[in-house]
Amino acid sequence: MSVPTPVSQGHTRRAVLTWLIAAGAVAATGPQALAATTSHPFGTGAFTGVSGPEAVVYKRVLAKRLHLQVWRPTAGGNGRDAAGREGGALPALVLYHGGGWLLGKWEQLQEQAEYFAARGMVTISVEYRTSGPVNATQDAVDAMGYVVEHASALGIHPDRIVAAGGSAGGQLALATALLDRQVGAHPHLPAALVLWNPVTDTTRGAVRALFLTGKQARAHSPLHHLGRNAPPMLLMHGTGDTTVAFEDSLRFTNAARSFGNDATLISYDGQQHGFYNYQDTYNRYYYETMRQVDGFLHARGLLHGPQHVRPSPAPLTANGGFERGTQHWNARPGSRLAPVGRPVHSGDRALSLTSATGPVGAAQDITRALLGGGPGEYLFGAWIRAMDGVVTRPTVTVEVKSSGSREPVRFPLPVTDTRTDRYSLLSGTRRLTWAGELERATLLIEAPSPAALLVDDVSLEFLPARIGWWRFHTRSDDGVAVDSSGFGRDGSIHGAVWTADGTDGGCLDFDGVAGVDLPAPFDPSTTDFSVSCRLRPVLSGTDERRQVILQQTDSVPWLFLTPASRCLSTGLSRTELCNPRPLRPHQWTEVRLVRRGNQLSLSVDGQVSTIATDHLDSAEGTLSLGRPAGRREAAVPAQAVRHTGWTGQIDELSIHDFATQG
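What you see is a predicted model; the values in this text were computed from it and never measured. (Residues numbered from 1 in each chain as written. Predicted model: local features only at pLDDT ≥ 70, side-chain atom pairs only at ≥ 80, totals over all residues. Heavy atoms only, no water.)

**Some thoughts on the overall build of the protein chain**
Helix and strand counts for the protein chain come out as 10 helices and 35 strands. Within the protein chain, the fraction of its 662 residues that count as buried is 59%. Considering only contacts in the protein chain between residues 6 or more positions apart, those separated by 24 or more positions represent 72%. By element, 49% of the accessible surface of the protein chain is carried by carbon and sulfur atoms, the whole surface being about 25,400 Å². (Helix = DSSP H or I, 4+ residues; strand = E, 2+ residues; numbered from the N terminus. Buried < 20%, exposed > 50% of the residue type's maximum accessible area, 1.4 Å probe, protein only. Contact = heavy atoms within 4.5 Å. Areas by Shrake-Rupley, 256 points an atom, 1.4 Å probe, with all protein chains shown as cover.)

The structure is reproduced here in structure tokens:
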């Protein structure tokens, strides 16, 4: 083996104390808990179809036994072999915890292990010696060697093993792929690498002090062992990381791509070290990074079936896959846009973006999308491929112009290389803010001159979790309003009639008495949230009572229509908030109600009205859509004389949770 022999690390500990405090604290407890008032949908004990952990000894060092903690899908679970069949050898995920090689325990990544076991993988969390990077690296390599050598007994396919790790554990996962060695008679390369804020360069800074010599530090440095034919790798890193610099992952990704490797870096705006760790309180970054890992492994045939770690945020861009040509996109001066049929990343169309003489660029107007979401954190990006043999560094940027700024403000993603042999994902989160009223927002894809790019699957997503999504796009003869968010909040339909219209082939028709009862996802007085839907009113007759659109039991109406003015209002604030834009009879209107801090806003087709509120009454019970809460009969009860139900159609009711915003 070429992994260097262990050396004494005692004299180096004082030199890296500050670094270890940061890395070790995160490894032990994860990031600082984010205050939340809504519980997470998945967590320890919530996974079904999983057995474990089972402790398996993989190595003995003097009197110490080192263990692998193994979880498996149980019979009837989600386990699938390479052909997608139940039974047979399964894919595996080998996890290495962080802690600066001197601290940390295998339990740090237990929730990740349990989730992916529930998804059909054999998952393994590795115990290794926390006595410095040399011993830890030797143990990491030996653990992977044991898994490969005993793959049959473990029920694992030896060519479908993924190595994953965070911080120092990222260096250990990389060591199993990049450091030269032989494991028995089986040279092994992991099928993929998953890396959370990994240590990729051990030759600089505080990490260097953990090695006896510069030569030894370089021998353990993943950056200095990159070459061709490395496994596909996914890196996730916070740009605010002060323990392991984000720039290290940026440099490593570009270096990996320079050798023609498949490397993806997703940046998380302002996030600190260990932002991805599971927390007892709701940490959306745990769920968001797990969603990215799930998609990464699924795209490479290592997982089957839909992900269920976290519902996908609502996509806000139109035509991101270019199936309908270049609709909604405009070329920048000197550039040329054209739809092409190949090569594409997905679907049957991509966007060709070229310029022979100047900078190349394309733009899409996203003003309505940002008006709907408001200031907050967004995930955006695109799959980009260079053409004509030119390796370039394109940028994906959101440009915002508001009444409070003279010039547009740009929010770019960190720049990574694109290659000519495959599409590369340029993606990350940015917190988009603006002063005053939003006037214009644009999503830009640009590159230096000259350049020729292929662009596909452009995305813009509002990051807070969509915790309820009732689409009504298919007929429900059993009276069930299916929740498409993934959180399972199905409701019951009472008299509302499905009709073949709406956003996606269907909607519900209400007659003033019919309604839909839905499980309430939260108390509106205790958390920030947004509610959106599409309405098409009838606005006929002489009944001037307020038409309730959404109301929770024992609370004032969340949304209601005043027929005389044809305007929407909310009663959630002590002073009723009314949007002056009138609804048009028999025409669809996009509506969004948002509470953020002490601000309550109501948006009608992009026109926003806002009011300050320091108090919202607490409420419990069922959400009633289309009629006053509590109504169960056709007759109007005495206590609801001032209110009646909605007359018209409703489609695409969606609720987002902002509990961990900021």
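**Quick look at helix 2 (residues 110-118)**
With 9 of 9 residues buried, helix 2 lies mostly within the body of the structure. Those residues of helix 2 lying buried are Gln110, Glu111, Gln112, Ala113, Glu114, Tyr115, Phe116, Ala117 and Ala118. In the core, the buried residues of helix 2 are packed alongside strand 1 (50-61), strand 2 (64-73), strand 3 (90-96), strand 4 (122-126), strand 6 (192-196) and helix 9 (284-299). Positive backbone phi, approximately 110°, marks Gly120, located one or two places after helix 2.

**Some remarks on the packing of aromatic side chains**
Summed over the entire model, instances satisfying the criterion amount to 11 aromatic pairs. Cluster of aromatic residues (ring-pair linked, three or more members): Trp196, Tyr268, Phe275, Tyr276 and Tyr285. (Phe/Tyr/Trp six-rings, centres within 6.5 Å; stacked < 30°, edge-to-face > 60°.)

**Thoughts on the packing of helix 2 against helix 9**
Two elements in contact, helix 2 and helix 9, have axes separated by 12 Å at closest approach and are oriented at 40°. By the angle between their axes, helix 2 is oblique relative to helix 9. Remark: the crossing between helix 2 and helix 9 carries right-handed chirality. Only Tyr286, Met290, Val293, Asp294 and Leu297 of helix 9 make contact with helix 2, whose side of the interface consists of Glu111, Gln112, Tyr115 and Phe116. In terms of residue class, the contact of helix 2 with helix 9 is built from 6 nonpolar, 1 polar and 2 charged. (Axes fitted to C-alpha atoms, helices over the stretch in contact; angles between N-to-C directions. Parallel < 35°, antiparallel > 145°, perpendicular 65-115°, else oblique. Left-handed = near helix turned anticlockwise from the far one by under 90°. Nonpolar A, V, L, I, M, F, W, Y, C, P; charged D, E, K, R; others polar.)

**Quick word on the pattern of salt bridges**
Enumeration according to the criterion identifies 24 salt bridges in this entry. The closest approach of N and O atoms between Arg291 and Glu461, which form a salt bridge, is 3.0 Å. Residue Arg291 is located in helix 9, and its partner Glu461 is located in strand 18 (residues 451-462); the two are separated by 170 residues in the primary sequence. The class for Arg291 is buried, based on a relative accessible area of 11%. Here Glu461 falls in the buried class, since its relative accessible area comes to 12%. (Salt bridge = Lys/Arg side-chain N within 4 Å of Asp/Glu carboxyl O.)

**Thoughts on the environment of Gly170**
Counting through the fold element by element, Gly170 comes out in helix 5 (residues 168-178). Residue Gly170 is classed as buried on the basis of its relative accessible area, which comes to 0%. Taking the C-alpha atoms as reference points, Gly170 and Leu193, 23 residues apart in sequence, are found 8.9 Å from one another. The residues touching Gly170, leaving out its near neighbours within four places in the chain, are Gly165, Leu195, Pro198 and Val199.

**Considering the nonpolar core**
Counting residues in hydrophobic clusters, the biggest one holds 54 residues, and the most contacted among them are Leu68, Tyr96, Ile124 and Ile156. Considering every element that reaches this core, the biggest residue donor is helix 3 (residues 133-149), with 8 residues. Dropping the residues within four chain positions of it, Ile124 is found in contact with Leu68, Gln69, Val70, Leu93, Val94, Leu95, Val147 and Ile156. (Core = buried A, V, L, I, M, F, W, Y, C linked by side-chain atoms within 4.5 Å.)

**Regarding the pairing of strand 4**
Regular strands place their side chains on alternate faces of the sheet. Strand 4 sits mainly inside the fold: 5 of its 5 residues count as buried. Neither face of strand 4 is exposed, since Val122, Ile124 and Val126 on one face and Thr123 and Ser125 on the opposite face are all buried. Here strand 2 runs beside strand 4; their pairing, made up of 4 bridges, is antiparallel. Bridge pairing in strand 4 links Leu68 to Val126. Taken together, strand 3, helix 2 and strand 4 constitute a β-α-β crossover, and its handedness is right-handed. (Pairing = 2+ DSSP bridges. Right-handed = clockwise from strand over helix to strand, strands pointing away.)

**A short note on the pairing of strand 30 (residues 589-596)**
Most of strand 30 sits inside the fold, with 6 of its 8 residues counted as buried. Taken together, the 7 bridges between strand 25 (residues 529-537) and strand 30 define a ladder with antiparallel strand orientation. Counted as the bridge partner of Leu535 is Thr589 from strand 30. Relative to strand 31 (residues 599-604), strand 30 runs antiparallel, the two being bridged by 6 bridges. The partner of Arg595 across the bridge, within strand 31, is Leu600. Once strand 30 ends, the chain turns through 2 residues before running back antiparallel as strand 31, passing Gly597 with a positive phi of about 65°.

**Details of the sheet that holds strand 12 (residues 360-365)**
Overall, antiparallel pairing links the 5 strands, which are arranged 9-12-17-14-15 in an open sheet. Either end of the sheet is taken by a strand with one partner, and the two such strands are strand 9 (329-331) and strand 15 (409-412). Ignoring which end each strand starts from, the neighbouring axes of this sheet average 25° apart. Here strand 9 runs beside strand 12; their pairing, made up of 3 bridges, is antiparallel. Across the sheet, Asn330 pairs through a bridge with Ala363, a residue of strand 12.

**What to know about the state of the cysteines**
Applying the stated criterion across every chain, the model contains 0 disulfides. Its sulfur unpaired, Cys567 is 4.6 Å from the next cysteine sulfur, which belongs to Cys578. Since its relative accessible area comes to 7%, Cys567 is described here as buried. (Disulfide = S-S within 2.5 Å.)

**Looking at the confidence of the model for the protein chain**
Averaged over the protein chain, the pLDDT score is 83; the fraction of residues at 70 or greater is 82%. Across residues 1-11, confidence stays below pLDDT 50; counting only partners more than four residues off in sequence or on other chains, it has 29 contacts. Predicted confidence is poor over residues 29-46, with pLDDT under 50, and the contacts of this stretch with residues over four places away or in other chains come to 48 contacts. (pLDDT = per-residue confidence, 0-100.)

**A look at the side chain of Gln216**
Here Gln216 lies in helix 7 (residues 214-219). In this structure Gln216 comes out as buried when scored by relative accessible area, which is 9%. Engagement of the side chain of Gln216 in a polar contact is seen with the backbone nitrogen of Leu212, the distance being 2.9 Å. (Polar contact = N/O pair within 3.5 Å; in protein donor to acceptor, adjacent residues only side chain to side chain.)

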